[in-house]
Amino acid sequence: MRVIYYILQKEFKQIFRNRIMLPIIFVIPFVQTIVFVYAATLELKNADISIMDYDKSSLSKRLISDFEASPFFEVSKIVPNNNAVSDLLLKDKAKAVILIPQGFEKDVLSLDGAAIQININAIDGQSAGLINVYIQQIVNSLAIKYLSSDINVQINTIPANAEIRSRFWYNPGLNFKYYILPGILVILVTMMGTFLTALNLVREKEMGTIEQINVTPIKKWQFITGKLLPFWIIGIIVMGFGLLIGRLLYNMPFEGSISLFFLATAIYLILAIGLGLLVSDYANTQQQVMFLLFFFFLVFVLMSGIFTSEESMPDWAQAVNRINPIYYFMKIIRAILLKGAELKNILTEMISMTVYSILVMVFAVWKYRKTH
Amino acid sequence: MKRFRGFLIKEFIHIFRDVRTMMILFLIPIAQILIFGYVIKNEIHDANVAVLDLSKDNITKEISGRIDAAPDFVVSDYLNNYSDIKEYFSSGKGAEVIVFEPNFAENFYGQDNARVQLILDASDPNLSNLINNYTSAIIQTYIADQNMSNSPNAIITTEPRMWFNEGLKSSYMFVPGTMTLILMLITAMMTSISIVREKEIGTMEILLVSPLKPLQIILGKVTPYILLSIINAISIILLGNLIFHVPIIGSTILLLGVSILFIIMALMLGVFISSVTKTQQIAMFISMFALMLPTILLSGFIFPIENMPKVLQWLSYIVPAKYYLIAIKNIMLKGVGVAFIWKEILVLMGMTFFFLILSVKKFKLYI
Amino acid sequence: MNNNNNKIIEVRNLVKRFGNFVANDNLSFDVYKGEIFGFLGANGAGKTTAIKILSGLSYPSSGKIMVAGYDVYKQRNKIKRSIGYMSQKFSLYEDLTVRENIHFYAGIYGLPFKQIQNRTNELIEELGIQEMANKMIADLPLGWRQKLAFSVAIFHKPKIVFLDEPTSGVDPITRRQFWDMIYRSAEKGITVFVTTHYMDEAEYCDRVSIMVDGKIEALDTPTKLKENFGVNLIEDVFIKLARK
């Protein structure tokens, strides 16, 4: 036991003296949680739209003021000119251009029906879809308001109708931040565990100090424990730190039990660190570690459902995810934080992750050789 | 010139001998494009939903049937009471429960409003919003069908026209985006690391005392990466075009020209990073956090810049990838010429020049 | 002067292959307690391979090898307790101080805390580096680093210390001082097994073996070797053997 103490002491000293490690450990959680959360937003607001009003009636003006009142749009009125549409879109001066045709009010009043032309820059398909939906909502609600107050008298039958009410559980404001934040925590912990562990071990190889350790009577398990434990502890601290930032800055929900949360983190860190150890078994230079990890990390993170949830992935991708270590943890963390899942709800994932952790760790330790 | 050729050959051998790194350099763009193309989608297909039918009449059955028949949904569970909803969500079986209130059919044709509640697991807000919109649309269409003649919505219709990307395909975003990221990564990151590596192992000093001129050394170091980047860019464009049908409407030559400008800019950035760092580790982390994250987050690759807070929008002005991305999207997808992107080209040129001057100064210093 | 009871390293028919390449081709030799045994050879002659096997860093392909009375196949851990090792690669942590490096290595050899404290102070005093004791290794000149690495390698008082090219890259004065340290430790009864390609250093050894292409071509005291080959310098012995 005393031997492990000496390794731990050395590791912590080195980590806290390292001018690269320290910022990684404490600044990056900050930067990531702040920049990532604010940048990673698909919520649409203040999109620039231009409206060309060929009608200039009271109804068209009402429609324009409805657009102006919407938080989604920033409206500029443009002198009607058909050639201007492509120019506005080509030069990115407007995300969408709306044309209100001549005779718009007249056609509505006569119940003939009028059509509004919407031109949307759809290169970003997702935003374009949203813009389209929001424009239609504004137009529809005007139609309904207008109908019920002004034209309803003309219709005698009671139409069949049902009221649709939507309730969004766990995240009533549909706040994308709450979705992305747990994902960022997962990335953070993975980076701490896997990257730092692998780099640290390979660094000793590169420097040659590993040989000096290998000729000492230290046992394999003592050395590995002493080497890995610091990153396990740091990982847990960083997780707590990230969680705190999430709570303080974004008021991120924490529905589940804090002990379950940290239990899952502790188990996952064994997996993450085990992967780091495994990579260091094979790599000889830090450069190789970086590229190897970078590649797998990229694939695993993107597939784990950081931006979109698993349900929207094709079946084969969901199948591939069974071997994706990040996938399990991502699912567990989101369920605990956002839905207040208890152990019984996430039992399958927890068991899979635990088994995975043990397998990887055992294999990595077995692969680690003091003697060649 | 002969000396330079020998040096260049040595650089190529160095790079191509490290098979693992080479593999990764070519695999990254391919994997990324395929993942973006096939995995990361905000689309739903056969999503599980549950029905809690408190009315159990013909109409609720018909509506449930329509939802089940839609390609987007499968009604996977029928719940019995409200308390089942929490369990359903917690187990992660599905993300929506459709609740028909009692006496639905009666109210549907009567004076009172029939009520249907859509309860969503909004822990993934984008997905739940999408599911909500689709389900509402199915129900509304059902209502409209019952009122065929006097549907109120028909009085004002909208005729949306999606410019530049009629099918709203996400590939139009991720193909140019991936190209930007890969070019930045390979050129800037790889150059900086490989130069710093020579510094670290001490071979840089030998090169510097050799009759090679510093400019030749830099050129020799960066040429293989220029070649690699161009090959990568071409393979990404081909992959995007052949598999995901991302067009190149504008001039291919202009596209290539702008890409080469961007590559040179990234190279200068890489040389600059290498001149201010001492170890590979630092070079790697600078590349990761000063180049990669901004290129992913602040260039408009995945997330629209307009939606970000002002501070991040300002920050995005110093991200070179942003200008390149605007330029190539304009060329590829809108088919416009220099007249529309001269500003972006100018900014990229300015940045190239800026880093060139900085690196030359720094490089001289450490000689 | 030597008899069988004094053997501390016993090597019989040591072979180490890497694929088709034979790095150590049937080596047999003994090292006796308390001597300074020089292991000479050109770069790539197989010196480092042999020293790694003797110190338990790699496995031999075949052969019988006993180090400090223990078998390298079965009693690896007992061997490790009895030896010290210093490689040509620099082996102290640059981002730890002198004192911290000593504490660390002593700690993993399992020395009691009080003893580590006392002996560290003694060592620092002996080397006269009181003002350097709390400096990072990175801030020390190379010569001092090598001397410290050696002191750390024998800090736990091993029976044998293996030195793999300990003086490569240091100036002549430091080399001289380094060899003084080797003599002092030999006087204390530590057997020194040293590889080098500096032929002048061979003259400092009690006995030297000269390796060429994985084989030991000569093994004797420096004086006898020179006599046998009829030359004045060990260097000339080496050249004669290499040209054979």
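For clarity, every value in this text was computed on a predicted model and none was experimentally measured. (Residues numbered from 1 in each chain as written. Chains lettered and ligands numbered in written order. Predicted model: local features only at pLDDT ≥ 70, side-chain atom pairs only at ≥ 80, totals over all residues.)

**Overview of the overall build of chain B**
At step 1: A tally of helices and strands in chain B yields 14 helices and 5 strands.
At step 2: For 367 residues, the compact-globule estimate of 2.2 N^0.38 gives 21 Å, and the C-alpha radius of gyration of chain B, at 28 Å, exceeds that figure by more than 25%.
At step 3: In chain B, buried positions account for 43% of the 367 residues.
At step 4: Across chain B, every contact between residues at least 6 apart in sequence was considered, and the portion connecting residues at least 24 apart equals 77%. (Helix = DSSP H or I, 4+ residues; strand = E, 2+ residues; numbered from the N terminus. Rg over C-alpha atoms; globule rule 2.2 N^0.38 Å. Buried ≥ 20, exposed ≤ 12 C-beta atoms within 10 Å, placed from the backbone. Contact = placed C-beta atoms within 7 Å.)

**With respect to the sheet that holds strand β1 (residues 7-18) of chain C**
At step 1: Pairing is antiparallel across the open sheet formed by 4 strands, whose spatial order is β2-β1-β4-β5 (chain C). Lying at the two open borders of the sheet, with one neighbouring strand each, are β2 (21-32) and β5 (70-71) of chain C. (Pairing = 2+ DSSP bridges.)

**Re helix α13 (residues 320-334) of chain B**
Residue and element names in this part refer to chain B.
At step 1: Counted at 1.5 Å a residue, the expected span for α13 with its 15 residues is 21 Å, and the 21 Å between its end C-alpha atoms agrees.
At step 2: Burial analysis of α13 places 15 of its 15 residues in the buried class, the great majority of the element.
At step 3: Trailing α13 by a residue or two, Gly335 shows a phi angle of about 75 degrees, which is positive. (Expected span 1.5 Å × (residues − 1).)

**Details of the pairing of strand β7 (residues 160-164) of chain C**
Residue and element names in this part refer to chain C.
At step 1: Judged by how many residues are buried, β7 sits mostly within the fold: 5 of 5 residues are covered.
At step 2: The alternating pattern of β7 places Ile160, Phe162 and Asp164 and Val161 and Leu163 on opposite faces, both of which are buried.
At step 3: For strand β6 (residues 83-86) and β7, the ladder comprises 4 bridges, and the chain directions are parallel. Within the sheet, the bridge partner assigned to Met86 lies in β7 and is Leu163.
At step 4: Since β7 and strand β8 (residues 191-196) lie parallel, the crossover through helix α6 (residues 172-187) that links them has a hand, and here it is right-handed. (Right-handed = clockwise from strand over helix to strand, strands pointing away.)

**Thoughts on helix α6 (residues 125-146) of chain B**
At step 1: End to end, α6 of chain B covers 32 Å across 22 residues, agreeing with the expected 32 Å (1.5 Å per residue, within 8%).
At step 2: Those residues of α6 of chain B that fall on the buried side of the exposure criterion are Pro125, Asn126, Leu127, Ser128, Asn129, Leu130, Ile131, Asn132 and Thr135 of chain B.
At step 3: On its buried side, α6 of chain B packs onto β5 (162-169) and α7 (176-207) of chain A together with β1 (47-53), α3 (58-69), β3 (96-100) and β4 (114-121) of chain B.

**Some thoughts on the interface of chain C and chain A**
A common way to express how large an interface is: the accessible area buried when the components associate.
At step 1: At the interface, 23 residues of chain C touch 20 residues of chain A.
At step 2: Those elements giving two or more residues to the side of chain C that touches chain A turn out to be α2 (76-82), β6 and α3 (98-108) of chain C.

**What to know about the environment of Asp220 of chain C**
At step 1: Considering the arrangement of structural elements, one finds Asp220 of chain C in strand β10 (residues 215-220).
At step 2: Each C-alpha atom, one on Asp220 of chain C and one on Phe37 of chain C, is 9.8 Å from the other, the two residues being 183 residues apart in sequence.

**Regarding the interface of chain A and chain B**
At step 1: Every contact between the two is made by 90 residues of chain A and, on the other side, 89 residues of chain B.
At step 2: Put simply, the parts of the chain that give the side of chain A that touches chain B at least two residues each are α2 (21-39), α4 (84-90), β4 (114-121), α6 (125-151), β5, α7, α11 (286-303) and α13 (325-339) of chain A.
At step 3: Classifying every residue of the side of chain A that touches chain B by side-chain character gives 57 nonpolar, 23 polar and 10 charged. (Nonpolar A, V, L, I, M, F, W, Y, C, P; charged D, E, K, R; others polar.)

**A few points about the pairing of β2 of chain C**
Residue and element names in this part refer to chain C.
At step 1: The pairing of β1 with β2 spans 8 bridges and is antiparallel. Bridge pairing links Lys16 to Asn24 in β2.
At step 2: Adjacent in sequence and paired antiparallel, β1 and β2 are bridged by 2 residues, among which Gly19 carries a positive phi angle near 65 degrees.

**Examining the confidence of the model for chain B**
At step 1: Considering every residue of chain B, the mean pLDDT works out to 84; 94% of them sit at 70 or more.
At step 2: Summarising per-element confidence for chain B, the mean pLDDT is lowest in helix α8 (residues 203-209) of chain B (70) and highest in α13 of chain B (94). (pLDDT = per-residue confidence, 0-100.)

**Overview of unusual backbone geometry**
At step 1: Positive phi values are uncommon outside glycine, yet Asp92 of chain A reaches one of about 60 degrees.
At step 2: When you line up the elements, Asp92 of chain A lands in the loop between α4 and β3 (96-100).
At step 3: Positive phi is not limited to glycine here, since His245 of chain B has a value of about 55 degrees.
At step 4: Within the element layout of this structure, His245 of chain B appears in the loop between α9 (214-244) and α10 (252-276).
At step 5: Judged by local crowding, His245 of chain B falls into the exposed class, with 12 C-beta atoms found within 10 Å.

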